[in-house]
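In case you want the letters, here they are:
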Amino acid sequence: PTLHIPTATAGIGYIDVSNVTNGASLNLYDASNGQLVSTTTVNQGNGVWRFENVVPRSGYYYVTQSLGGRESINTAFVNALLPTPVLAGSVGYVEASNTYAGATLMLYSGANLVSSTPQSMGNGIYRFTNLNEATSYYVVQSINGVLSSPSNTAVVQAFIPPAPVVAGMGESIQVSNY
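Residues numbered from 1 in each chain as written. Predicted model: local features only at pLDDT ≥ 70, side-chain atom pairs only at ≥ 80, totals over all residues. Heavy atoms only, no water.

Participant: Can you help me understand the overall build of the protein in this one?
Facilitator: Counting its regular elements, the protein contains zero helices and 19 strands. In terms of overall dimensions, the protein is more spread out than a globule: its C-alpha atoms have a radius of gyration of 25 Å, far above the 16 Å expected for 178 residues. Along the first, second and third principal axes, the C-alpha atoms of the protein reach 100 × 35 × 20 Å. Here the protein holds 178 residues, and 33% of them are scored as buried. Looking at the protein alone, contacts between residues at least 24 apart form 58% of all its contacts between residues at least 6 apart. For the protein, the exposed surface amounts to about 10300 Å²; the carbon and sulfur share of it is 50%. (Helix = DSSP H or I, 4+ residues; strand = E, 2+ residues; numbered from the N terminus. Rg over C-alpha atoms; globule rule 2.2 N^0.38 Å. Buried < 20%, exposed > 50% of the residue type's maximum accessible area, 1.4 Å probe, protein only. Contact = heavy atoms within 4.5 Å. Areas by Shrake-Rupley, 256 points an atom, 1.4 Å probe, with all protein chains shown as cover.)

Participant: Teacher, can you tell me more about the pairing of strand β14 (residues 125-129) here?
Facilitator: Bridge analysis of strand β10 (residues 93-97) against β14 gives four bridges, and the strand direction is antiparallel. In the sheet register, E95 faces β14, and the bridge partner there is R127. The pairing of strand β13 (residues 119-122) with β14 spans three bridges and is classified as antiparallel. Residue pairing for β14: Q119 is matched across the bridge by R127. Adjacent in sequence and paired antiparallel, β13 and β14 are bridged by two residues, among which N123 carries a positive phi angle near 55°. (Pairing = 2+ DSSP bridges.)

Participant: So what exactly am I meant to see when it comes to unusual backbone geometry here?
Facilitator: For residues besides glycine, phi is generally negative; the peptide bonds are generally trans as well. One non-glycine residue, N19, lies in the positive phi region at around 60°. Among the secondary structure elements, N19 is positioned in the loop between β2 (14-18) and β3 (25-30). Positive phi, close to 60°, is recorded for N98, a residue that is not glycine. Examined against the element boundaries, N98 turns out to sit in the loop between β10 and β11 (104-109).

Participant: Sorry, what's going on with the packing of aromatic side chains here?
Facilitator: Both the distance between ring centres and the angle between the ring planes are used here to describe each pair of aromatic rings. Scanning the entire structure with this criterion turns up four aromatic pairs. Centroid distance Y60 to F77: 6.4 Å. Interplanar angle 25°. Geometry classified as stacked. One end of the pair, Y60, is in the loop between β6 (48-51) and β7 (61-67); the other, F77, is in the loop between β8 (70-71) and β9 (86-89), with 17 residues separating them in the sequence. The class of Y60 is partly exposed, set by a relative accessible area of 43%. Taken together, a centroid distance of 6.0 Å and an interplanar angle of 25° make the contact between Y62 and F77 stacked. Linking Y62 in strand β7 with F77 in the loop between β8 and β9, this pair joins segments that are 15 residues apart in sequence. According to the relative accessible area criterion, Y62 is buried, its value standing at 15%. (Phe/Tyr/Trp six-rings, centres within 6.5 Å; stacked < 30°, edge-to-face > 60°.)

Participant: Would you explain the sheet that holds strand β1 (residues 7-11) in this entry?
Facilitator: For sheets, the rule is that strands pair by backbone hydrogen bonds, running either parallel or antiparallel. Here we have four strands laid out as an open sheet, ordered β1-β2-β6-β5, and antiparallel in their pairing. In this open sheet, the two edge strands, each paired with only one partner strand, are β1 and β5 (42-45). Across the sheet, the mean angle from the axis of one strand to that of its neighbour is 30°, orientation sign disregarded. When β2 meets β6, the two strands line up antiparallel, connected through three bridges. Residue pairing in the sheet places D16 in a bridge with R50 of β6. (Axes fitted to C-alpha atoms, helices over the stretch in contact; angles between N-to-C directions.)

Participant: I tried to follow the environment of T75 on my own but got confused; where do I start?
Facilitator: On the secondary structure map, T75 appears in the loop between β8 and β9. Taking the C-alpha atoms as reference points, T75 and N22, 53 residues apart in sequence, are found 17 Å from one another. Beyond its immediate chain neighbours, meaning those up to four positions away, T75 contacts P6, T7, A8, Y62 and V63.

Here it is in structure tokens:
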């Protein structure tokens, strides 16, 4: 059979491959040095095969297919993507979610880097504290020189104490929480 030139498509932490010749093996290469990275794919159905757990990097990858000792021409260069983080504001802090394991999180206000040392809250959630109230922030994540798209903006909310409580006490008034 004729070996088609496969088509590679970037995804978040993976690379999908289509236009694969029936019975061919797929090969994922590091485009900077031609070194084989993986031959393990997962069938996604409808003629699409996936290289999973592909770490985004500053260089690129390419894919070929091989069959009967022959290897196809490589795909266009492609790189796995990082997810766009999500930022939520709260009283005294902001939290980032939808993060990529191993990535560095950088918190910005406008063009100014505010912090790159959040506290891990577990389950891919990171908290930035000691921030200015009523200030808009956004976060970007980075791994191996690859930047994600910036998150939504979030604002650190001010602490508003509860309203005072007034209680009548005969000939006096007691006020608390002020």
